[in-house]
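Reading the structure
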Amino acid sequence: MDLFEYMRNTNQDKESPLAARLRPATLDEVVGQQHIIGKDKLLYRAIKADKLSSIIFYGPPGTGKTTLAKVIANTTSAEFTQINATAAGKKDMEEVVAKAKDLRGMYGKKTILFIDEIHRFNKGQQDYLLPFVEDGTLILIGATTENPYFEVNGALISRSVIFELQPLSKEDIKALIIRAVNDKDKGMGAYDAVMDEDAIDFLAEMSGGDARHALNAVELGIMTTNRSEDGRIHITLDVARECIQKRALRYDKSGDNHYDTVSAFIKSMRGSDPDAAVYYLGRMLYAGESVTFIARRIMICAAEDVGNADPDALTVAVSASLAVERVGMPEAQIILSQAAVYVACAPKSNASCTAISQVMETVQQTGSLPIPPHLQDAHYKGAAKLGHGTGYKYAHDYPEHYVEQQYLPYELNGKEFYKPTGNGYEAKIREHMKHIKQKAGTHGIR
């Protein structure tokens, strides 16, 4: 390292954002994630013993993925190299591999390669790493906010241990805020700032488990607030509110939080909990989710989970879908709320959904069974001569506009796919079907 590089690194350390400066150097300084770095846990023991295998850190932003990689860098005897998948290419990896081979061959020294945002690498780039991870040339540490089972090469996954990091708790965030305000070496302690308890609570709550979001707000507040008459910088609740204008939500339209929130929204409607349904609706809207996407999910739920227990539910959902396209935000949220609440409160039946599922399975197993001749079309040329339509009974010619005859293929005679429940309007459907069949039977109609 020459003098210029040394000065550049020194200045970078001093001028880096607070969240970067405050990163722990040892495991004991790490806040949160005790489910994976508690003293009795595998990762803690592996880091302490310097016996790491390839691992992937997976979790939301600001939960400590890069922090844990830096801790490993500070504690391992192996060569530690870091690249970011958003900027690195194959040439960068080739240089890392060449150096790793030299260190291994000449000194028997291992190389740990930390790839931040590994999901940004395409399949070819990930495939390039595989043989070097396989033969031990590299120990891979990947960090990703995306589900690695979807975004990372399956072969790399099979050779790695996946550790899922959870959003930090409010108490964890508060501890980090207090450390940031008071730490004179790496934090903002030299500014002689004091933060009110309600301001700390507010930032911890609004950060949404993202330590970086909270620390950025602390730094912004201290750097932009004038000193009071006592010579100190006072971070009040009002100052804290100015530093975080909007709550941080863990929501990525293509990531896990997206699917988890949508899943919770649908399950809340299905479970007849309008409060939870409208809550998750609000979270999606707050995060900027497409109103047309939400409307589609409500329509599906209306058909799948409400069904004929309340046929109007689908009508309401379809109308809401058309309305939000014409109205747009912010008023569209009112329309979606009405539809979501209606579907959540409606009586439930999945009988029609179950029916088509069973039918699709039956069709797959039995193929195209012959349609009973009396149901076949007799109007096209020559069909009547072939007996198509012969013996068909016109339902409106009979009492109750119903007559028993074979409608299913003969091979499926007696098979029941749709079994209406006793919920909502489906109870009337069930009674009606029972009534007309009994009536037809008493009249001797077949």
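Everything that follows concerns the structure shown earlier in this document.
A short tour of the structure in this document, coming up. (Residues numbered from 1 in each chain as written. Predicted model: local features only at pLDDT ≥ 70, side-chain atom pairs only at ≥ 80, totals over all residues. Heavy atoms only, no water.)

Here we come to the side chain of Ser 16. Relative to the helices and strands, Ser 16 is located in the loop between helix H1 (3-15) and helix H2 (18-21). In this view, Ser 16 contacts Arg 21 and Glu 219; residues no more than four positions away in its chain are not counted. (Helix = DSSP H or I, 4+ residues; strand = E, 2+ residues; numbered from the N terminus. Contact = heavy atoms within 4.5 Å.)

Here we take up the layout of surface pockets. Size it by volume and the second largest pocket reaches roughly 600 Å³. What lines the second largest pocket is a set of 20 residues, among which Tyr 402, Lys 415, Glu 416, Met 433 and Lys 437 lie closest to the centre. Looking at the lining of the second largest pocket residue by residue, the classes come out as ten nonpolar, four polar and six charged. (1 Å grid on protein atoms, 1.4 Å probe; cavity = no way out; pocket = protein on both sides within 12 Å on 5 of 7 lines; lining within 4 Å. Points joined across faces, edges and corners; volume = space filled by probe spheres on them. Nonpolar A, V, L, I, M, F, W, Y, C, P; charged D, E, K, R; others polar.)

Glancing now at the sheet that holds strand E3 (residues 111-116). Ordered in space as E2-E3-E4-E1-E5, the five strands form an open sheet in which the pairing is parallel. Either end of the sheet is taken by a strand with one partner, and the two such strands are strand E2 (79-84) and strand E5 (161-164). On average, each strand axis in the sheet is tilted by 15 degrees relative to the strand beside it, whichever way the strands run. Pairing of E2 with E3, which is carried by six bridges, proceeds in the parallel orientation. Bridging from a neighbouring strand, Asn 84 pairs with Asp 116 of E3. Running over the sheet, helix H5 (residues 65-75) touches strand E1 (55-58), E2, E3 and strand E4 (139-144) and is turned about 145 degrees from E1. (Pairing = 2+ DSSP bridges. Axes fitted to C-alpha atoms, helices over the stretch in contact; angles between N-to-C directions.)

What follows is about the packing of helix H10 (residues 170-182) against helix H11 (residues 197-206). Geometrically, a packed helix pair is captured by the angle between its two axes and the distance between the axes. The interhelical angle for the contact between H10 and H11, taken along N-to-C directions, is 125 degrees, at an axis separation of 9 Å. Put simply, H10 runs oblique to H11. Between H10 and H11 lies a crossing whose hand is right-handed. Facing Lys 170, Ile 173, Lys 174, Ile 177 and Ile 178 of H10, the residues of H11 in contact are Glu 197, Ile 200, Asp 201, Leu 203, Ala 204 and Glu 205. Here the contact of H10 with H11 is built from residues that sort into six nonpolar, no polar and five charged. (Parallel < 35°, antiparallel > 145°, perpendicular 65-115°, else oblique. Left-handed = near helix turned anticlockwise from the far one by under 90°.)

In this structure the tally under the stated criterion is 14 salt bridges. A salt bridge links Asp 192 to Arg 232; the nearest nitrogen and oxygen atoms lie 3.1 Å apart. Residue Asp 192 is located in the loop between H10 and strand E6 (193-195), and its partner Arg 232 is located in the loop between helix H12 (211-224) and strand E7 (233-235); the two are separated by 40 residues in the primary sequence. What makes Arg 232 partly exposed here is its relative accessible area of 32%. (Salt bridge = Lys/Arg side-chain N within 4 Å of Asp/Glu carboxyl O. Buried < 20%, exposed > 50% of the residue type's maximum accessible area, 1.4 Å probe, protein only.)

Moving on, we get to unusual backbone geometry. For the bond running from Met 329 to Pro 330, omega is 5 degrees, close enough to zero to count as cis. For Pro 330, the location among the structural elements is in the loop between helix H17 (312-327) and helix H18 (332-345). Non-glycine residue Glu 117 carries a positive phi angle of around 55 degrees. Positive phi, close to 55 degrees, is recorded for Asp 192, a residue that is not glycine. What makes Asp 192 partly exposed here is its relative accessible area of 35%.

Nothing here speaks to function; it is all geometry.
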